[in-house]
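Examining the three-dimensional arrangement
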Amino acid sequence: DPQDRLINMGSVLVGESSEQTFSIKNMSSFAVVYTLKIESQGLQNKGKEIKLFSYNPQTETIKPGETVTVTATFSPDYQGESFYEKVLIDIPNQIDPKSIYLRGYGWNRQLSARIYQPFVWPKEDFFKKTKPMDLMVKEKDNVIPGFKKTIVLEFLKIIEDPKRSEEDKEKETVRKMVVASSNLVNVKQDKPGTFEITLAKDDYFGCDMPKGNIAPGADQIIKFTYSPPKKDANLANIKAIQGVGQWVQAKCELKLMGGYLGGGSDTLTYDIVLRAYAEQIQSSIQQSICLLYTSPSPRDATLSRMPSSA
């Protein structure tokens, strides 16, 4: 328990901890001994004094029909978004081994923003292919001082494909991000915060919640939408230019205000870059609002993060 074996440790202030519990039940007619063994992990704490993820008890004997409750503790010592662990519940001679997957975020201040990622089991090759160096590159704007945080949201190129998943279809016109507020160990330091998004006015991109309040411990999902330009009926049947178009881009600013500041300024600013592929060359696309990109072979868009040179 939980049945999906997913344990969300949430957003935690650097230097503090969060706890979640899960249970292991012995369904057999004899006593068993379990041991929690790490199968895969993301970035780890820089210091060796405190483990990023810890478990109590890590090993235990369970009598027939009884249940043991395990406490998982998440204690990040620096800011990051790539903290996870896949842990095997190892029981000798078990027929169907089970694992749990834990994920958490560490932040230097109470309010934070990130790209929305549903908390589901990753594909198995994720654990095999993901390397620590890849995660460090992904986290460079978190771990390297001086980088202004930028969130890039790209909309997938709209294509007619019956095999395309519903999730990918949604990403053709909707991208999501999260504004989060960490729970603090000292509740007296808990403070509500606010956020505000300034979006360049254009005909293509929109935001469902440009401003709002956020309570301690809450996550607010914000949706950005893309409305593709209408296709020119006179050009739609010309095969030579089908699929030809340009990348349109708009930049907006996110401000996080309030909450526990951790010694920083009252306002934390992010750049949010929205990108989408518009088929056919449209004379109505205004270069004064959107930066245009052409590609000889338009690639499918992916979510990414990059530092700004500003």
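Just above, that's the structure.
Keep in mind that what you see is a predicted model, and the values were worked out from it rather than measured. (Residues numbered from 1 in each chain as written. Predicted model: local features only at pLDDT ≥ 70, side-chain atom pairs only at ≥ 80, totals over all residues. Heavy atoms only, no water.)

Counting through the fold element by element, T198 comes out in strand 12 (residues 193-199). Looking at T198, the relative accessible area reads 48%, which means it is partly exposed. C-alpha separation for the pair T198 and C252, spaced 54 residues apart in sequence, amounts to 5.5 Å. Beyond its immediate chain neighbours, meaning those up to four positions away, T198 contacts C252 and E253. (Helix = DSSP H or I, 4+ residues; strand = E, 2+ residues; numbered from the N terminus. Buried < 20%, exposed > 50% of the residue type's maximum accessible area, 1.4 Å probe, protein only. Contact = heavy atoms within 4.5 Å.)

Moving on: the sheet that holds strand 2 (residues 18-25). Taken together, 3 strands build an open sheet; the order of strands is 2-6-4 and the sheet is antiparallel. Where the open sheet ends on each side, the last strands, each with one partner, are strand 2 and strand 4 (53-56). On average, each strand axis in the sheet is tilted by 25° relative to the strand beside it, whichever way the strands run. Sheet analysis places strand 4 next to strand 6 (residues 67-74), joined by 4 bridges and oriented antiparallel. (Pairing = 2+ DSSP bridges. Axes fitted to C-alpha atoms, helices over the stretch in contact; angles between N-to-C directions.)

Turning our attention to the pairing of strand 11 (residues 174-181). Residues in a regular strand project their side chains so that they alternate between the two faces of the sheet. Counting buried positions along strand 11 yields 7 of 8 residues, so the element is predominantly enclosed. Pairing of strand 9 (residues 111-115) with strand 11, which is carried by 5 bridges, proceeds in the antiparallel orientation. Paired with A113 across the two strands is V179, which belongs to strand 11. Pairing of strand 11 with strand 15 (residues 219-226) involves 7 bridges; the strand directions are antiparallel. Looking across to strand 15, one finds that M177 is bridged to I222.

Before going further, it helps to spend a moment on the packing of aromatic side chains. The full count for this structure, using the stated rule, is 15 aromatic pairs. Counting every residue linked through ring pairs, the aromatic cluster contains Y84, Y101, F119, W121, F126 and F127. The positively charged end of K46 is found above the aromatic ring belonging to Y78, 4.8 Å away from the centroid. Directly above the ring of W247 sits R275, whose terminal nitrogen or CZ lies 4.6 Å from the centroid. (Phe/Tyr/Trp six-rings, centres within 6.5 Å; stacked < 30°, edge-to-face > 60°. Lys NZ or Arg CZ within 6 Å of the ring centre and 35° of its normal.)

It is worth spelling out the sheet that holds strand 1 (residues 6-13) at this point. Spatially, 5 strands are ordered 1-8-7-3-5 in an open sheet, and the strand pairing comes out mixed. The open sheet has two free edges, formed respectively by strand 1 and strand 5 (59-62), since each of these has just one partner strand. The sheet shows a mean angle of 25° between the axes of neighbouring strands, taken without regard to direction. Sheet analysis places strand 3 (residues 32-41) next to strand 5, joined by 4 bridges and oriented antiparallel. What sits directly across from T35, in strand 5, is T59.

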